[in-house]
Amino acid sequence: AMWDYFDLHSPTPYAAVLDGTLHAIDHHALVQTLQELCVGSDIALIEGAGGLLAPITQKHTNADLAHALHAPILLVARDALGTLSHTLTAFECAKHRGVAVIGIVLVRGSWSAGDLSCATNLRILQERVHVPVLSFPESDDDDDELAQHAAPILAMLLESPLLAASLRRTLP
């Protein structure tokens with residue numbers, strides 16, 4: 001089942017609290033609600049938009065939410081100059097916080113045109129992390145197009161021994 005906890009025009013839930021479009025979020029209640037929604041599901045996908053350290057509340061981030069849910073994460077990053085540092089930093093941050101990373105997906109788009117780093121970002125990440133690193137076909141942030149391309153990536157990740165091990169640890 002698809003469920004949107006936040007349907008916001010602000011960049012993060014906490015930003016929506018600050019701009020007055022959302023009441024303060026109770027982190028414990030959010031964790032409990034998400035756990036209840038996941039009961040009976042083989043797998044649940046929860047988007048932590050904004051990045052691993054994007055704030056959900058004044059004191060909690062997407063990383064805190066993943067940790068509280070004992071949920072492995074999939075890092076998604078733009079394939080562009082600077083992604084090596086950003087992605088490896090997020091990967092190390094997750095590891096430091098005890099959050100399992102099941103894979104990394106590099107997304108290409110119009111921003112990738114002429115960017116020479118795109119020729120090597122995937123390979124460099126594959127050499128530095130011990131999880132699948134996949135490339136997502138070029139898309140210009142169109143939700144329908146992104147969803148269409150997601151199926152093969154999810155299939156590859158579901159075959160991952162790391163994901164299977166994570167699911168055995170996290171599912172009741």
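Predicted model, so just to flag it, every value in this text is computed and none were measured. Numbers given to residues run from 1 along each chain, matching the order in which its sequence is written. Restriction of local features to residues with pLDDT of at least 70 applies here, the model being predicted, together with a cutoff of 80 or more for giving and counting side-chain atom pairs; totals for whole chains, interfaces and linings are based on all residues. In computing side-chain values, all of the structure's heavy atoms are included and hydrogens and water are not.

1. Considerations on a nonpolar patch on the surface
No. 1: On the surface, I43, L45, L154 and L158 cluster together to form a nonpolar patch covering roughly 380 Å² of accessible area.
No. 2: Considering the arrangement of structural elements, one finds L45 in the loop between α2 (27-38) and α3 (62-69).
No. 3: For the exposure calls, accessible area comes from a 1.4 Å probe over protein chains only, and a residue counts as buried if that area is under 20% of its type's maximum, exposed if over 50%, partly exposed in between. A relative accessible area of 66% means that L45 is categorised as exposed. Any residue with relative accessible area above 30% and no salt bridge may belong to a patch, with like charges joined within 9 Å and the nonpolar Val, Leu, Ile, Met, Phe, Trp and Tyr side chains within 5 Å. Where accessible areas are quoted, they stem from the Shrake-Rupley method and a 1.4 Å probe; at the residue level, only the protein chains shown are allowed to cover. Put simply, a salt bridge is a Lys or Arg side-chain nitrogen that is within 4 Å of an Asp or Glu carboxyl oxygen. Numbering of helices and strands runs from the N terminus, with a helix taken as a DSSP run of H or I at least four residues long and a strand as a DSSP run of E at least two residues long.

2. A few points about the nonpolar core
No. 1: Put simply, a nonpolar core is a bunch of buried Ala, Val, Leu, Ile, Met, Phe, Trp, Tyr and Cys residues held in one set by side-chain atoms that sit within 4.5 Å of each other. Ranked by internal contacts, the top residues of the largest apolar core, which has 18 residues, are I73, L75, F91, V101 and I104.
No. 2: At the level of elements, α3, β1 (73-78), α4 (83-96) and β2 (101-107) are the ones that each hand at least two residues to this core.
No. 3: Among the elements that line this core, the one with the most residues is α4, at 4 residues.
No. 4: By size, the runner-up hydrophobic cluster in this structure holds 7 residues, among which are L30, L34, L65 and L69.

3. Quick notes on the pairing of β2
No. 1: Most of β2 is tucked away: 7 of the 7 residues are buried.
No. 2: Strands were regarded as paired on the criterion that DSSP finds at least two bridges between them. With 6 bridges joining them, β1 and β2 adopt parallel strand pairing. The residue of β2 that forms the bridge with I73 is V101.
No. 3: For crossovers, right-handed means that the path from the first strand over the helix to the second runs clockwise, given strands pointing away from the viewer. Where the polypeptide runs from β1 across α4 and back to β2, its parallel neighbour, the crossover connection is right-handed.

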